[in-house]
Amino acid sequence: MDWLERVAKLRRWTSNGARAPHKPLLLLYALGSHQRDADRELRYSEVEEELKRLLAEYGPSNPTTPAYPFHHLVNDGVWEVRTDGGTGSPGSGIGVLRSSGAAGRLAPELRSALRREPLLLGRLVRVLLDTHFAPSLHLELCEAVGLDLELAESGAVAGAEAAARRQRDRRMRELILTAYEFQCAFCGYDGMLGGTSVGLEAAHVRWWSHDGPDEVDNGLCLCSLHHKLLDKGVLGLGDDHRILVSRRFVGRSEASRQHVLALAGRPVIGPQAGTASVAAQHRAWHTRQVFRGEAREPVGVG
């Protein structure tokens, strides 16, 4: 059975180019769950709210429900549903999915294939991402469904080695954005779309890949631009929680002056009272390992 082809051809409602990412989103969520715990079942009543948030943020603008893909994905041969009363989906009604104790997970044949071929997980994820979502959304979408794309594409390790590998905290983004009250800590950007933050990201100061923890005191809520510039070493954090701008950065346009150069010496916005700010050891790591060269003088100084 060619699982890549089957996943690429998920049966979806389409009309005049309209997007219908309901099944792909559920399948990405299920693959993320499988990566963390291959034996876990997803009880509809327990995952409904998370699936609704995914659909609201990454789906079409019209109202929708996760009950539809939870039931209908079974027809694609990659998903199974059982209830407290036995096997088989009870239907696509929200009430009956809740009351029957409906729970779903990847189909048995697909779970077996993933155990035999560790690299298959990453390939399936790539097919879903490339087929249904813009490239700029891929990493944040994986984060939203709790899927470690790097691990998936390298071939998931098994047994004790997998248990020993650090696991990402799926709550990191929500915790950081809440701590900084859903605004960029550098520029104050706070855009929303339909009640959901857009263009805001949870940035690690000390990178996860270099032992940075998924903790509020290692994070900043940043807009997409300033997250990228932090990770490239254009921006950093001083000991007094003021923004550093690298002398090596060159920008001649008004946009560069306004959005980057003018930040030099500004205090970080947030976090809210009672929340830990970025810890000294994480600021120091970023300054040593990422920040490029010396910092500029604050605007109007020197």
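Residues numbered from 1 in each chain as written. Predicted model: local features only at pLDDT ≥ 70, side-chain atom pairs only at ≥ 80, totals over all residues. Heavy atoms only, no water.

Student: Can you lay out the pattern of salt bridges for me, pointing to particular residues and giving the numbers?
Tutor: All told, the structure shown has 13 salt bridges when counted by the stated rule. The salt bridge involving Lys52 is made with Glu49; its shortest N-O contact spans 3.5 Å. Of the two residues, Lys52 and Glu49 are both situated in helix H3 (residues 44-58); the distance of three residues between them amounts to about one turn of the helix. In this structure Lys52 comes out as partly exposed when scored by relative accessible area, which is 37%. Residue Glu49 is classed as partly exposed on the basis of its relative accessible area of 44%. One continuous salt-bridge network, built from bridges that share partners, spans Glu80, Arg105 and Arg111. (Salt bridge = Lys/Arg side-chain N within 4 Å of Asp/Glu carboxyl O. Helix = DSSP H or I, 4+ residues; strand = E, 2+ residues; numbered from the N terminus. Buried < 20%, exposed > 50% of the residue type's maximum accessible area, 1.4 Å probe, protein only.)

Student: Help me get a handle on a nonpolar patch on the surface, residues and values and all.
Tutor: A cluster of nonpolar residues, Tyr189, Leu193 and Val198, forms a patch on the protein surface that exposes about 280 Å² of accessible area. Structurally, the position occupied by Val198 is in the loop between strand E6 (196-197) and strand E7 (200-204). (Patch = residues over 30% accessible without salt bridge, like charges linked within 9 Å, V, L, I, M, F, W, Y side chains within 5 Å. Areas by Shrake-Rupley, 256 points an atom, 1.4 Å probe, with all protein chains shown as cover.)

Student: Which residues make up the nonpolar core, and what are the values?
Tutor: One recurring pattern in soluble globular proteins: nonpolar side chains tend to sit buried together. Counting 43 residues, the largest nonpolar core has Leu27, Leu31, Phe70, Val78, Trp79, Val125 and Leu141 as the members making the most contacts within it. Each residue touching Phe70, except ones within four places of it in the same chain, is listed here: Leu26, Leu42, Tyr44, Val47, Leu51, Trp79, Val81, Leu97, Ala102, Ala103 and Gly104. Of all hydrophobic cores here, the second largest spans 30 residues; its members include Ala185, Leu235, Val260 and Val278. (Core = buried A, V, L, I, M, F, W, Y, C linked by side-chain atoms within 4.5 Å. Contact = heavy atoms within 4.5 Å.)

Student: Residues and numbers for the sheet that holds strand E2 (residues 79-83), please.
Tutor: Strand order in the open sheet formed by four strands is E1-E4-E2-E3, with antiparallel pairing between adjacent strands. Strand pairing shows two members of the sheet lacking a second neighbour, strand E1 (42-43) and strand E3 (86-87), which therefore form its edges. With four bridges joining them, E2 and strand E4 (residues 103-106) adopt antiparallel strand pairing. Along E4, the bridge assignment pairs Arg82 with Ala103. Packing against the sheet, helix H6 (residues 108-116) makes contact with E2 and E4, and its axis sits at approximately 40° to E4. (Pairing = 2+ DSSP bridges. Axes fitted to C-alpha atoms, helices over the stretch in contact; angles between N-to-C directions.)

Student: Got a sec to walk through the confidence of the model for the chain? Specific residues and values, please.
Tutor: On average, residues of the chain score 88 in pLDDT, and 91% of them reach the 70 mark or higher. Per-element confidence in the chain ranges from a low mean pLDDT of 42 for helix H10 (residues 159-164) to a high of 97 for strand E10 (residues 243-245). Throughout residues 156-164 the model reports pLDDT below 50, and contacts reaching past four residues in sequence, or to other chains, amount to five contacts. (pLDDT = per-residue confidence, 0-100.)

Student: Describe the packing of aromatic side chains, listing the residues and the values that go with them.
Tutor: Summed over the entire model, instances satisfying the criterion amount to three aromatic pairs. Ring centres of Tyr44 and Phe70 lie 5.1 Å apart, and the angle between their planes is 75°; this geometry places the pair in the edge-to-face category. You can see Tyr44 sitting in helix H3 and its partner Phe70 sitting in helix H4 (residues 67-72), a full 26 residues away along the chain. When its relative accessible area of 0% is taken as the criterion, Phe70 is described as buried. Aromatic side chains Phe70 and Trp79 sit 5.3 Å apart centroid to centroid with 85° between the ring planes, which places their arrangement in the edge-to-face category. Judged by relative accessible area, Trp79 falls into the buried class, the value being 2%. (Phe/Tyr/Trp six-rings, centres within 6.5 Å; stacked < 30°, edge-to-face > 60°.)

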